[in-house]
Amino acid sequence: MSTCDPLEGGAALTPLDRELYRGDTVEVARRLLNCLLVHETDAGTIVGRIAETEAYTQDDPACHAFRGMTRRNSPMFGPPGHAYVYFTYGMHYCFNAVTGPEGVGEAVLIRAVEPIEGWELMSRHRGLPEEEIKRLTASLEDPVKRVRLARKLCGGPGKLCQAFDLGGAANGTDLTCPGSLWIGGMPNPEAFPVPKICSTRRIGIRLNVDAPWRFTLRDDPYTSR
DNA sequence: ATCTCGATAGTCT
DNA sequence: GACTATCGAGATC
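This is a predicted model, so every value here is computed, not measured.

This part covers the pattern of salt bridges. On inspection of all chains with the given rule, the structure shows 14 salt bridges. For the salt bridge of Glu19 with Arg22, the shortest nitrogen-to-oxygen distance reads 3.0 Å. Taken together, the residues Glu19 and Arg22, both in helix α1 (residues 18-22) and three residues apart, mark about one turn of the helix. For Lys152, the salt bridge is made with Glu132, and the minimal N-O distance between the two is 3.9 Å. Note that Lys152 is positioned in helix α6 (residues 143-154) and Glu132 in helix α5 (residues 130-137), a separation of 20 residues in sequence. Under the relative-accessibility criterion, Lys152 is labelled partly exposed at 39%. Several salt bridges share partner residues, and in doing so they unite Arg49, Glu114, Arg146 and Asp220 into one network.

Our focus in this paragraph is the pairing of strand β3 (residues 83-88). By the criterion of burial, β3 is predominantly enclosed, with five of the six residues buried. Two strands pair when backbone bridges link them, and β3 and strand β4 (residues 92-98) are joined in this way by six bridges, in the antiparallel orientation. Note that in β4 the partner of Tyr84 across the bridge is Asn96. Counting the residues that bridge the hairpin from β3 to β4 gives three residues, and of these Tyr89 lies at a positive phi of roughly 50°.

Before going further, it helps to examine the nonpolar core. Leu32, Phe95, Phe164 and Ile183 are the most contacted members of the largest nonpolar core, which totals 44 residues. Counting residues per element, this core draws most heavily on α6, which supplies five residues. Contacts of Ile183, omitting those with residues within four sequence positions, involve Thr14, Pro15, Leu16, Tyr21, Leu32, Cys35, Leu36, Leu37, Ile50, Phe95, Ala97 and Leu175. Core analysis: the second largest hydrophobic core is formed by twelve residues, Met76, Val98, Ala107 and Leu109 among them.

This part is about the protein's contact with DNA strand B. By nearness alone, every residue bordering DNA strand B is listed as Arg67, Thr70, Arg72, Phe87, Tyr89, Gly90 and Met91. At the protein interface, 70% of the atoms of DNA strand B within 4 Å belong to sugar or phosphate. Within the backbone of Tyr89, one N or O atom sits 2.6 Å away from a base oxygen of DNA strand B. Looking at side-chain class alone, the surface near DNA strand B contains three nonpolar, two polar and two charged residues.

Okay, the pairing of strand β8 (residues 214-217) next. Taking every second residue as pointing to the same face, both faces of β8 are buried, with Arg214 and Thr216 on one and Phe215 and Leu217 on the other. For strand β2 (residues 44-56) and β8, the ladder comprises three bridges, and the chain directions are antiparallel. Paired with Glu52 across the two strands is Thr216, which belongs to β8. Pairing geometry for strand β7 (residues 197-200) and β8, over four bridges, is antiparallel. Paired with Ser199 across the strands is Phe215, a residue of β8.

By nearness alone, 20 residues border DNA strand C, and Tyr86, His92, Asn96, Arg126 and Gly204 come closest of all. Each atom of DNA strand C within 4 Å of the protein was assigned to sugar, phosphate or base; sugar and phosphate come to 59%. The contact in question runs from a base oxygen of DNA strand C to an N or O atom on the side chain of His92, over 2.8 Å. Within the side chain of Arg206, an N or O atom sits 3.3 Å from a phosphate oxygen of DNA strand C. For the surface near DNA strand C, the elements supplying multiple residues, two or more each, are β3, β4, β5 (107-117) and α7 (157-163). Residue contributions to the surface near DNA strand C peak at three residues, all from α7.

This part is about α5. Listing the buried residues of α5 in full gives Glu132, Ile133 and Leu136. Relative to the axis of α5, the buried residues are bounded by an arc of 105° and lie together on one face. Those residues of α5 that are exposed and aimed more than 90 degrees away from the buried face are Glu131, Lys134 and Arg135.

Calculation rules
Residues numbered from 1 in each chain as written. Chains lettered and ligands numbered in written order. Predicted model: local features only at pLDDT ≥ 70, side-chain atom pairs only at ≥ 80, totals over all residues. Heavy atoms only, no water. Salt bridge = Lys/Arg side-chain N within 4 Å of Asp/Glu carboxyl O. Helix = DSSP H or I, 4+ residues; strand = E, 2+ residues; numbered from the N terminus. Buried < 20%, exposed > 50% of the residue type's maximum accessible area, 1.4 Å probe, protein only. Pairing = 2+ DSSP bridges. Core = buried A, V, L, I, M, F, W, Y, C linked by side-chain atoms within 4.5 Å. Contact = heavy atoms within 4.5 Å. Near = heavy atom within 4 Å. Polar contact = N/O pair within 3.5 Å; in protein donor to acceptor, adjacent residues only side chain to side chain. Nonpolar A, V, L, I, M, F, W, Y, C, P; charged D, E, K, R; others polar. Arc of directions from axis to C-beta.

Put into structure tokens, the structure is as follows:
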């Protein structure tokens, strides 16, 4: 079990306010931990608790926006609170939340989530055989099996995009509007103890490798790598 | 558990 | 033409 059940109490979940995204990008990356990523699709709703983030600021050589605006990175320069979904390595998508004021090219990469709702749908999107899906989703009571499947489904930026069915079509989505793709805060943040936030070096980059702008929660197993 | 390696295509130089 | 904010399979320990 996670340290706190984000959906406990069934309180209405509402999107985070755009003003939150407008703030300091490193601060937003910390703030997005434990928030809920929601994708309402025709086939059903998918929800994940954000377990791992990375901050990319405009003055950072590892940031796509470091050399200015291009057609690809233009969403980063748009208003905060929108999605920046890009394609990389010829096969993967990565999902970011645009941060900072309009005109500043910054974003937070979502690297891993803990599946909360829509396990079956995620498994299907990830290409697991139907029989295996039945077997695995039937044994989620077992904490070990639960974590194992969680990391298989959403334990990495490319994996979670596939599980959530996020591709080019999701690029530019306003994350503050419920109905399709959005990020919700904890129904009642004050009711839960906030675990300690850990910061480490970011993963999979070559430039500015020493900046400690990858964030996780202490003792949270639902992370990548 | 930890590693190497290949696949694959959009973007920028 | 070179590079990538990656993943999974297969090898090896």
